[in-house]
Amino acid sequence: AGVARNLDAVVDYTTTTRKLLGDIAGASRAAVNLKDGKYSIDQDIRRTQVVQHFSPRNSHSFSGAKSFTKLPHGLRVHFVNPEPKQGTPSYQRDEMIVYADGYNADGSDSKVEATEFAELSLWGVADAEQAYRDARYHMKSAQLRPEMFSIVADVENIVCNRGDLVRISHDVIGVGYGAA
């Protein structure tokens, strides 16, 4: 929130406009969406205004799932580093390790030694600080967003778009009791 983000990429290959827009949006914590037949961007930012309220009166087939995946202790983050290292030219592929909370390389400082890693390649990122922030964002997203909910609604009952904040009242999950 409020952090300046730069995109630093060279597109010297054949691709589609849709794919390139998706890559650019992905590098900016966003997603490409079609809204009213026009391309738009949905940023992953906090929303405060509720756009629509779903209840058993305008939806059905509520379901929920929770992912219990084992999270890695750290990420091996690949990005393009504009700073030359030990005689190598600038803008070369570089790697940094970003540790999850409670882990480090050797288990010192009352932390646990990290042994399980995942790979993360960041397209369009040419700044070590931004690579670190993006890696932390992806780790926290995996940790704090393990649940997925879905409902079915008729098209005439849908006002919201992807990325909008919606409210759900449903007796299955025990929220919003007292609907009439």
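Criteria and thresholds
- Residues numbered from 1 in each chain as written.
- Predicted model: local features only at pLDDT ≥ 70, side-chain atom pairs only at ≥ 80, totals over all residues.
- Heavy atoms only, no water.
- Core = buried A, V, L, I, M, F, W, Y, C linked by side-chain atoms within 4.5 Å.
- Buried < 20%, exposed > 50% of the residue type's maximum accessible area, 1.4 Å probe, protein only.
- Contact = heavy atoms within 4.5 Å.
- Helix = DSSP H or I, 4+ residues; strand = E, 2+ residues; numbered from the N terminus.
- Salt bridge = Lys/Arg side-chain N within 4 Å of Asp/Glu carboxyl O.
- Phe/Tyr/Trp six-rings, centres within 6.5 Å; stacked < 30°, edge-to-face > 60°.
- Lys NZ or Arg CZ within 6 Å of the ring centre and 35° of its normal.
- Pairing = 2+ DSSP bridges.
- Axes fitted to C-alpha atoms, helices over the stretch in contact; angles between N-to-C directions.
- Expected span 1.5 Å × (residues − 1).

Novice: Please clarify how the nonpolar core should be interpreted in this entry.
Specialist: Nonpolar side chains tend to gather and get buried jointly when the protein is soluble and globular. Listed in full, the 12 residues of the largest apolar core are Leu75, Val77, Phe79, Met96, Val98, Ala100, Leu120, Leu122, Val125, Ala131, Ala135 and Met139. Beyond its immediate chain neighbours, meaning those up to four positions away, alanine 100 contacts Pro72, His73, Gly74, Arg136 and Met139.

Novice: Can you help me understand unusual backbone geometry in this one?
Specialist: Glycine aside, a negative phi is what most residues show, and trans is what most peptide bonds show. Located in the positive-phi region is arginine 29, a residue other than glycine, with phi close to 55 degrees. Relative to the helices and strands, arginine 29 is located in the loop between helix H1 (17-26) and strand E1 (30-35). For serine 110, which is not glycine, the phi dihedral falls at a positive 55 degrees. Relative accessible area serves as the criterion here: at 81%, serine 110 is assigned to the exposed category.

Novice: Looking at this structure, I do not really get the pattern of salt bridges. What am I missing?
Specialist: Between side chains of opposite charge, pairing is possible as soon as their charged atoms come close. Overall, the coordinates contain seven salt bridges when judged by the stated rule. Aspartate 44 serves as the salt-bridge partner of arginine 145, at 2.9 Å between the closest nitrogen and oxygen. Pair noted here: arginine 145 is in the loop between helix H2 (128-144) and strand E10 (147-152) and aspartate 44 is in the loop between strand E2 (38-43) and strand E3 (50-54), with a separation of 101 residues, a long-range link. Through salt bridges that share partners, Asp101, Arg136 and Lys140 make up one connected network.

Novice: Mind showing me how you'd approach the side chain of arginine 136 here?
Specialist: Note on placement: arginine 136 falls in helix H2. Take arginine 136: its relative accessible area is 19%, and that puts it in the buried class. If sequence neighbours within four positions are ignored, arginine 136 has contacts with Val98, Tyr99, Ala100 and Asp101.

Novice: What am I meant to see in the packing of aromatic side chains here?
Specialist: The relative placement of two aromatic rings is captured by the distance of their centres and the angle of their planes. Tallying each qualifying case throughout the model produces two aromatic pairs. Measuring from ring centre to ring centre gives 6.2 Å for tyrosine 99 and phenylalanine 117, while their planes differ by 65 degrees; the resulting arrangement is edge-to-face. Of the two residues, tyrosine 99 sits in strand E6 (residues 92-99) while phenylalanine 117 sits in strand E9 (residues 117-121), which places them 18 residues apart along the sequence. Positioned over the ring face of tyrosine 137 is arginine 29, at 4.3 Å from the centre of the ring. Its guanidinium or amino end placed over the ring of phenylalanine 117, arginine 76 lies 4.4 Å from that ring's centre, counting from NZ or CZ.

Novice: Mind showing me how you'd approach the sheet that holds E9 here?
Specialist: As summarised here, the arrangement of the three strands in space is E6-E5-E9, forming an open sheet in which the pairing is mixed. The two strands at the open ends of the sheet, each matched to only one other strand, are E6 and E9. Looking at each pair of strands side by side, their axes are set apart by 25 degrees on average, direction ignored. As paired elements, strand E5 (residues 74-81) and E9 share five bridges and run parallel to each other. Looking across to E9, one finds that leucine 75 is bridged to alanine 118. Of the strands in this sheet, E5, E6 and E9 touch H2, which is tilted by about 45 degrees from E6.

Novice: What should I look at first to understand the pairing of E5 in this one?
Specialist: Regular strands place their side chains on alternate faces of the sheet. Within E5, six of the eight residues are buried, which leaves the element mostly enclosed by the surrounding structure. As defined by bridge partners, E5 adjoins E6 across eight bridges and the pair is classed as antiparallel. Note that in E6 the partner of phenylalanine 79 across the bridge is aspartate 94.

Novice: Explain the environment of glutamine 49 to me, please; I cannot follow it from the model alone.
Specialist: Looking at where glutamine 49 falls in the secondary structure, it is placed in the loop between E2 and E3. Judged by its relative accessible area of 63%, glutamine 49 falls in the exposed class. Separated by 20 residues in the primary sequence, glutamine 49 and threonine 69 place their C-alpha atoms 32 Å from one another.

Novice: Explain H2 to me, please; I cannot follow it from the model alone.
Specialist: An α-helical turn contains 3.6 residues, so a residue and the one three or four places further along point in the same direction. Helix length check: H2 (17 residues) gives 24 Å between terminal C-alpha atoms against 24 Å at 1.5 Å per residue, within 8%. Along H2, the positions that sit buried rather than exposed are Gln130, Ala131, Asp134, Ala135, Arg136, Tyr137, Met139 and Ser141. Those residues of H2 that are buried are in contact with E5, E6 and E9.

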